Amino acid sequence: MIDLTTRYLGLDLRSPLVASAGPLTQELDTLRRLEAAGAAAVVLPSLFEEDIVHAAQSVDRLLSAGTESFPEALSYLPEMADYDTGPRRHIELVEAATSELGVPVIASVNGTTPGGWVRYAGELARAGAHAIELNLYQVVADVDATAADVEAHMAELVAAVRAEVDVPLAVKIGPWLTAPAHTARALVDAGADGLVLFNRFYQPDIDLETLEVRPHLVLSTSVESRLPLHWI
């Protein structure tokens, strides 16, 4: 029997096969099946800070709608003790997965603000995640932002999260960088224990008849391996 054991982020794995973040890693049942099929570690779906902010804003709009319409409207509905607009479901999945699985569980975070990155990474680590994967992706539309500015900001985020968590830290980046090799070294110098090359982005389409966003998932092919292999 060939020995496939390896180390990733300082974690001992029985093989290099890691189930990446996606629909299959968002449910405990499929996580169990992935482990049984041979996955040596699992990466849970990313916690997106903008989703949390959007959910909180939506709840606020619903609760405040019409509050000034009638004298008694402010007290018409009783205030709930809590609203699940935060990372609770991600934390609960981490807790359940680490208690049920015998392989490392890696939590993924995609933030939009330095405070969000640090706070949510810390919460997931304290929930029991064996490692944190920072999903560094942003659409830089500011014409005044230089490549150096963007890459320096990425390193600052990594350093801030590194200071917050004690568990291994991976950084997942996209290929569209001015100098990928230089950026990779800067991220490692900032505290990354490993790099994930490269992030594969979903590109939804817009239905012009209904003006709705339509998911458009195209499965990857072996041709796509050329770009990450080049930089690895």
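Residues numbered from 1 in each chain as written. Predicted model: local features only at pLDDT ≥ 70, side-chain atom pairs only at ≥ 80, totals over all residues. Heavy atoms only, no water.

*Asks:* What is the right way to look at helix α4 (residues 114–126) in this model?
*Replies:* Each α-helix turn comprises 3.6 residues. Residues three or four places apart therefore point the same way. With 13 residues, α4 extends 18 Å from end C-alpha to end C-alpha; this agrees with the ideal 18 Å at 1.5 Å per step. Within α4 the residues assigned to the buried category are Gly116, Trp117, Val118, Tyr120, Ala121, Gly122, Leu124 and Ala125. Residue Gly128 follows α4 closely and has a positive phi angle near 120 degrees. (Helix = DSSP H or I, 4+ residues; strand = E, 2+ residues; numbered from the N terminus. Expected span 1.5 Å × (residues − 1). Buried < 20%, exposed > 50% of the residue type's maximum accessible area, 1.4 Å probe, protein only.)

*Asks:* Mind showing me how you'd approach the environment of Ile232 here?
*Replies:* By secondary structure assignment, the location of Ile232 is in the segment after α7 (226–231). Take Ile232: its relative accessible area is 70%, and that puts it in the exposed class. It is 9.5 Å that separates the C-alpha atoms of Ile232 and Val196, two residues lying 36 residues apart in sequence.

*Asks:* How do you make sense of the pairing of strand β9 (residues 194–197) when you look at a structure like this?
*Replies:* Successive side chains on a regular strand alternate, one facing one side of the sheet and the next facing the other. Judged by which residues are buried, β9 turns out to be one-sided: Gly194 and Val196 face inward and are buried, whereas Leu195 and Leu197, on the alternate face, are not. Pairing of strand β8 (residues 169–173) with β9, which is carried by 4 bridges, proceeds in the parallel orientation. Bridged to Val171 within β9 is Leu195. A crossover links β8 with its parallel partner β9, the connecting element being helix α6 (residues 180–189), and its sense is right-handed. (Pairing = 2+ DSSP bridges. Right-handed = clockwise from strand over helix to strand, strands pointing away.)

*Asks:* Looking at this structure, I do not really get the pattern of salt bridges. What am I missing?
*Replies:* Close approach of charged atoms lets side chains of opposite charge pair. Scanning all chains against the criterion turns up 7 salt bridges. Across the pair Asp12 and Arg7 runs a salt bridge, and its minimum N-O distance is 2.6 Å. Residue class for Arg7 comes out exposed when judged on its relative accessible area of 53%. Notably, a salt bridge pairs Glu212 with Arg214, separated by 3.2 Å at the nearest N-O pair. Here Arg214 falls in the partly exposed class, since its relative accessible area comes to 37%. (Salt bridge = Lys/Arg side-chain N within 4 Å of Asp/Glu carboxyl O.)

*Asks:* Can you help me understand the nonpolar core in this one?
*Replies:* When a protein is soluble and globular, its nonpolar side chains tend to lie buried together. Counting 44 residues, the largest nonpolar core has Ile132, Leu136 and Val158 as its most contacted members. Leaving out residues up to four positions away in the same chain, Ile132 has contacts with Ile106, Ala107, Val109, Ala121, Leu124, Ala125, Val167, Pro168, Leu169 and Ala170. Formed by 10 residues, the second largest nonpolar core is a distinct cluster that contains Leu9, Ala40, Ile106 and Val196. (Core = buried A, V, L, I, M, F, W, Y, C linked by side-chain atoms within 4.5 Å. Contact = heavy atoms within 4.5 Å.)

*Asks:* I keep staring at the packing of helix α1 (residues 28–37) against helix α3 (residues 88–100) and nothing clicks. Help me out?
*Replies:* When two helices pack together, you describe them by how their axes are tilted relative to each other and by the distance separating the axes. Closest axis-to-axis distance for the α1/α3 pair is 10 Å, and the angle between their directions is 35 degrees. The handedness of the crossing between α1 and α3 is right-handed. When α1 is examined against α3, the residues Leu28, Leu31 and Arg32 are found in contact with a partner set consisting of Leu93, Ala96, Ala97 and Glu100. Residue classes in the contact of α1 with α3 are distributed as 5 nonpolar, no polar and 2 charged. (Axes fitted to C-alpha atoms, helices over the stretch in contact; angles between N-to-C directions. Left-handed = near helix turned anticlockwise from the far one by under 90°. Nonpolar A, V, L, I, M, F, W, Y, C, P; charged D, E, K, R; others polar.)

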